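Coordinate inspection notes
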Amino acid sequence: MSTLRGMFITGTDTGVGKTIVTSALAAALRAEGLDAGVWKPVQSGCLLGRGATDAERLLQSTGICERPEAVAPFTFEAPLSPMLAARLEGVTLSLQEIIAAGEPLIGRYQTLLIEGAGGVAVPLTEDALVIDLISMLQVPVLIVARAGLGTINHTLLTISFLQQRGIPIVGIIINNSEGVDALDDPSIATNTELIERYSGGLKVLGHFPYLHDEANPETLIHSVRRSIQLVPIRQALLLQGGDDHPLDETRT
Ligand SMILES: Nc1ncnc2c1ncn2[C@@H]1O[C@H](COP(=O)(O)OP(=O)(O)OP(=O)(O)O)[C@@H](O)[C@H]1O
Ligand SMILES: C[C@H](N)[C@H](N)CCCCCC(=O)O
Ligand SMILES: [Mg+2]
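Residues numbered from 1 in each chain as written. Chains lettered and ligands numbered in written order. Predicted model: local features only at pLDDT ≥ 70, side-chain atom pairs only at ≥ 80, totals over all residues. Heavy atoms only, no water.

**Points about the site of ligand 1**
Ligand 1 sits among 20 residues. The nearest are Thr 14, Lys 18, Thr 19, Leu 211 and Glu 214. Gly 15 places a polar main-chain atom, nitrogen or oxygen, 3.0 Å from an oxygen atom of ligand 1. Within the side chain of Asp 54, a nitrogen or oxygen atom sits 2.9 Å from an oxygen atom of ligand 1. Relative to its free-state accessible area of 630 Å², ligand 1 is covered by the protein chains to the extent of 78%. Placement of ligand 1 is best described as lying within the largest pocket. Contributing elements (two or more residues each) for the shell around ligand 1: α1 (18-31), α2 (54-62) and β5 (111-119). Along the lines of polarity and charge, the residues of the shell around ligand 1 split into six nonpolar, eight polar and six charged. (Near = heavy atom within 4 Å. Polar contact = N/O pair within 3.5 Å; in protein donor to acceptor, adjacent residues only side chain to side chain. Areas by Shrake-Rupley, 256 points an atom, 1.4 Å probe, with all protein chains shown as cover. 1 Å grid on protein atoms, 1.4 Å probe; cavity = no way out; pocket = protein on both sides within 12 Å on 5 of 7 lines; lining within 4 Å. Sits in = over half its atoms within 2 Å of the grid points. Helix = DSSP H or I, 4+ residues; strand = E, 2+ residues; numbered from the N terminus. Nonpolar A, V, L, I, M, F, W, Y, C, P; charged D, E, K, R; others polar.)

**So, empty space enclosed by the protein**
Overall, the coordinates contain one cavity of 30 Å³ or more when judged by the stated rule. There is about 40 Å³ of room inside the largest cavity. Residue lining of the largest cavity: Phe 8, Pro 41, Val 42, Glu 115, Gly 116, Ala 117, Leu 124, Val 130 and Leu 133, and that is the complete set. Every element with two or more residues in the lining of the largest cavity is listed here: β5 and α6 (130-137). (Points joined across faces, edges and corners; volume = space filled by probe spheres on them.)

**A look at the coordination of the magnesium ion (ligand 3)**
In this structure, Thr 19 (OG1), Asp 54 (OD) and Glu 115 (OE) serve as the protein donors to the magnesium ion (ligand 3), at separations of 2.0 to 2.2 Å. We note that the donor set of the magnesium ion (ligand 3) lies within a single chain, spaced as T-x34-D-x60-E. Here Thr 19 is found in helix α1, whereas its partner Asp 54 is found in helix α2, with 35 residues between them in sequence. Under the relative-accessibility criterion, Thr 19 is labelled buried at 4%. (Donors = N, O, S within 2.8 Å, 3.2 Å for Na, K, Ca; no water. Buried < 20%, exposed > 50% of the residue type's maximum accessible area, 1.4 Å probe, protein only.)

**Some thoughts on the pattern of salt bridges**
All chains considered together, the criterion is met by 11 salt bridges. Among the salt bridges present, the one from Lys 40 reaches Asp 54, with a minimum N-O distance of 2.8 Å. Within this pair, whereas Lys 40 is found in the loop between β2 (36-39) and β3 (42-44), its partner Asp 54 is found in helix α2, the two being separated by 14 residues in sequence. Grouping residues by exposure puts Lys 40 and Asp 54 together as buried. The shortest N-O distance in the salt bridge between Glu 66 and Arg 108 comes to 2.9 Å. Here Glu 66, found in the loop between α2 and α3 (68-71), pairs with Arg 108, found in helix α5 (residues 95-108); they are 42 residues apart in sequence, far enough to count as distant. Using a relative accessible area of 44% as the deciding quantity, one classes Arg 108 as partly exposed. (Salt bridge = Lys/Arg side-chain N within 4 Å of Asp/Glu carboxyl O.)

Structural measurements only, silent on function.
Right, dumping it as C-alpha cells:
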C-alpha cells in the first residue's frame, strides 16, 4: 500500500486553466528533479484518442510517460458534470472506485498533482461533490482563478467552502486565460490585493501569463519560473503524507 503525497488543483470554475497550470507546475517541478506525476481522477466533455482530453494535454506538455487511461481512468463524453456525464453512459461512480483507480499512480510517483473537474462544488458521484474527493484524499489545495472582473467573488467563495471543510489551501494562482490586461479590464490591477485582504492571509502565488503555445514544455517551465512562487508549492507537496495517512484506512 502506498502513501499519497500531492496537491489538488481546483478552479473557481470550469475553463479557468487548471490543466495548463497543472501541466506547467508539473513540468517545472520535474525540471528541478522532483518526481511529480499527474492524475485527473475523472474527466468529462471529451473523447480519448484525439489529443484533446485533459489527460492527453497533461502528458503532452510534461513529457510524462504514461497512458492517458492511466492518468484519467474515467473519461465521459458529455460536456456535463462528471456525475451526469457518467450516468449518460450507464456508469455510477463512487469515491472509493475513483480513488482505487488512482492507486497505481500514487505508487509510481513521489508526489502527484491532481486536477479536479470544474470547481469544488461540482457533482462527481450521485452523492459526492469534488470537495468530498479532496477531503477523502487529505491533500492540500491550490486554487486556479480567472484574472478579470468577477474573480474576487468566485475565489472567496471557493476559499470559504474549502475552509468550512477544514481543507488546507496552499495559495491561489491567477491565470490570464483570456489574455486581458488592465486596459481591457481595470479590475486586474486590484484583484490580487483584494483577494489576499479578504481571504485573511492567503497568498496569490503568481499570475500565470496568457500563452500562445500551451503544449510546449519549455514555454511552460519558463512561464512558471518567471511568474509563480514555487517554493511554497514544493514544500506543500513534500511535507505531507506518512504511515498514518487517513486514506490508508479506506484502502485494502
Ligand atoms: N494561460 C493561458 N494561455 C492560453 N490559453 C489558456 C490559458 N489558460 C487557459 N487557456 C485556454 O482556455 C481554455 C480553458 O482552459 P483549461 O482547459 O485549462 O481549463 P480547465 O480549468 O482545466 O477546465 P476543466 O474544468 O474542463 O478541466 C483552454 O482552451 C486553454 O487552452
Ligand atoms: C465539461 C467541463 N469541461 C468539465 N469537465 C465539467 C464541468 C462541470 C461544471 C458543472 C457546473 O459547475 O455547473
Ligand atoms: Mg482541465
